[in-house]
Amino acid sequence: MNATDHDPFQLLGEAIQENPRLATMLTQLWRQLDTAQDLAQLFDGICQALAKSFPRSAAQLLRQQSTGDWKVIASAGKVSAVPSSQTQAWMQTDISPGDPAAFSLALDNEPHRLLVLEGVQDLPKRSLQAIAQVTRFAVKRFIENQNKNDRSRRLKAMLTMVQRWQQTDDLISLLNEMAESSTEFFGAERASIFLWDKPKHQLVGRPALGVENGKLVVPDDKGVVGAVVQTGEPRRVDDMLGHEVNRDIDKKLEFHTRSLLCVPLLDRKGKVFGAFELINKLDGNFTTKDEQGLMEVAVHAAAVLESSQQIANLVESRDRIAQAQAAEIQLIGESPAMMQLRKNIDRIAATKLPVLVLGENGSGKEVVSRLIHYQSDRRNQPLVAVNCAALPDTLLESELFGHEKGAFTGAHETKAGKFELASGGTLFLDEIGDMSLPGQAKLLRVLENHVVTRLGGQTDIQTDVRVIAATNQDLPKLVNEKKFRQDLFYRLDVVSVTLPPLRDRGNDILILAQQFLEQFSRKAHREIPMLSSDAKDRLLAHPWPGNIRELRNTMERIAFLCDREVITSEVLPLETSTGPEVHQVSAQLDLAAATDRFQADFISYHLGRTGGNMAQAAKNMGVHRSNLHRKMKQLGLLDEKE
């Protein structure tokens, strides 16, 4: 571990003082981190951020190929070809200053990468170290977030896949359904499930395309599948290990196996009774993530196949997936508003009524919507999310209601819409206020009739969907402005839940801050720092325009970039803000009444922010607690007994 790993915050601060352009680079890099959709976009953005931050400079990212050669995978500016002798020299050191300068950008289980900067001959080594540290941190954070999102998407897709298995009682049909859904889920070309016939020392696999009756019989000690059932260990094979593939089977099937992933099927006692195999990853080779995912799928597949009570076992499998997803959702806070919100969610979840979730950006609308689903009796059915703001009119009908093959140019196959996919479960319509008026009319018809018709189709399809809609906009105002249909508003607003902004949740700010700080400190492999009293005061006084999302990002930066054991107010990366305003007072009141009204509103606002903590509210207002108590009594804000 080098010095930059020990003291990234101090190094970055010193480097920025030495080279102010690093601040510009950091800002642009953070913007790329928030907007990139995948690693390729992030790498392009990193090169762009570096090239724009230093005059007459260029940046390129190189990746080593399996042949040992290096390939440019991202660049910005006018870059030069790098000789192989130079890359070999750079690989011997972590950071190489000069012109060009370079540093390594390593990823777990990935080929070597080098980031090369040209036109930076005057860049001090400490600045280059800071650039390397921040870039590595950005890539690490992006991958962690991507992995978390991938995990959530996989769980949702797995839940939908296992649900389809519930509809099949016949064993052969079940095996075909497992194979078909797994190839789509993992992006493979083929899949087979092998059951072990131990007395005959053979494995029987289905489905097997090109074989009579769709059944493939192979010895239980040959090839990768044989190795898996004999050892009980998963195996991954790519072109480098192609000699392990049983080519006799390839010849029999007139097929070529490029890559293969196989995991064991275990009974309830942990004994192997078969294997689940995927063949030919469509995009590259199977990964560790694929292996872990197939192991999870195999657990549920084994539960179905092992027992004649397939449906009972399948329900249990679905429950485990639903519980895994529900366990990831937390509604943190002890303020009166959050306590009441939990009670409301408990009551709402038990009904089948549509729900409208209101709140500012970053206040947790999606978390609340997911909680409602997973606390309802629909928890084992799909939860399908749709971002209405991202759907243009040309795609809205196809995405929500589906289309038939040939319905329009590019419709090469029949596709079920989101309403069909969510049938029996919940459809989450995010950013509903951004849906166009024509889209609103189509949505209203489905909500009223519970029937969808695919684009280009003639058949009405019944749907059983609970709709949860969310928005940060003022829908009644949009209704008055003729930008949102009044009848759709009434249809959605059967039950509404309003999330309080973080600035109004008092000590919940500190509870959430501590939670995030502990979470990210564990990821950074460091001791959890303490928040000083002045830091807590500043956190409570900050208006948090970005709500929980802003607080989370703030604590993440502290955990990774500040090495202090005690976090004080001056190191909190918070922008100065005047904060929210107290409501205006009517000009029709006389001066005394207007003064009383303003003081009452001002005191109520600060008490609400501190969760009723009078001492903290007095401190935030700059008055003594006894003076606040006396003023509240004068204004009628206290009961007589107080």
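Residues numbered from 1 in each chain as written. Predicted model: local features only at pLDDT ≥ 70, side-chain atom pairs only at ≥ 80, totals over all residues. Heavy atoms only, no water.

Some points on the sheet that holds strand S3 (residues 95-96)
Our working definition: In short, DSSP must find at least two bridges between two strands for them to pair. Starting at the N terminus, helices and strands are each numbered in turn, a helix being any DSSP run of H or I of at least four residues and a strand any DSSP run of E of at least two.
Pairing within the open sheet is antiparallel, and its 5 strands lie in the order S2-S1-S5-S4-S3. Strands at the two margins of the open sheet, each flanked by one partner only, are strand S2 (70-76) and S3. Taken together, the 6 bridges between strand S1 (residues 58-64) and S2 define a ladder with antiparallel strand orientation. Its bridge partner lying in S2, Gln64 is registered against Trp70.

Brief notes about the packing of aromatic side chains
Selection rule: To pair, rings of Phe, Tyr and Trp, with the six-membered ring standing in for Trp, must have centres within 6.5 Å; the planes then decide the type, stacked if under 30 degrees apart, edge-to-face if over 60, and tilted in the middle. Only protein chains enter the accessibility calculation, which uses a 1.4 Å probe; a residue whose area is less than 20% of its type maximum is buried, one above 50% is exposed, and one in between is partly exposed.
Counted by the stated rule, this structure contains 5 aromatic pairs. Ring centres of Phe137 and Phe560 lie 4.9 Å apart, and the angle between their planes is 50 degrees; on these two criteria the pair is classed as tilted. One end of the pair, Phe137, is in helix H6 (residues 125-165); the other, Phe560, is in helix H21 (residues 547-561), with 423 residues separating them in the sequence. When sorted by exposure, Phe137 lands in the same class as Phe560, which is buried.

Here's the deal with the environment of Ile95
Under the convention used in this document: Residue contacts follow a heavy-atom distance rule, with two residues in contact if any of their heavy atoms lie within 4.5 Å.
If you trace the backbone, Ile95 turns up in strand S3. According to the relative accessible area criterion, Ile95 is buried, its value standing at 14%. Not counting residues within four places of it along the chain, the set of residues in contact with Ile95 comprises Ala102, Phe103, Leu128, Gln129, Ala132 and Arg136.

Points about the environment of Arg445
If you trace the backbone, Arg445 turns up in helix H16 (residues 437-449). Counting along the chain gives 43 residues from Arg445 to Leu488, while the straight-line C-alpha distance between them is 9.3 Å.

Description of unusual backbone geometry
Keep in mind that most residues, glycine aside, have a negative phi and that most peptide bonds are trans. A cis amide bond links Asp99 with the next residue in sequence, Pro100, at an omega value of 0 degrees. Tracing the chain through its elements places Pro100 in the loop between S3 and strand S4 (101-104). Although it is not a glycine, Trp544 sits at a positive phi angle of roughly 50 degrees. Residue placement: Trp544 occurs in the loop between helix H20 (533-541) and H21.

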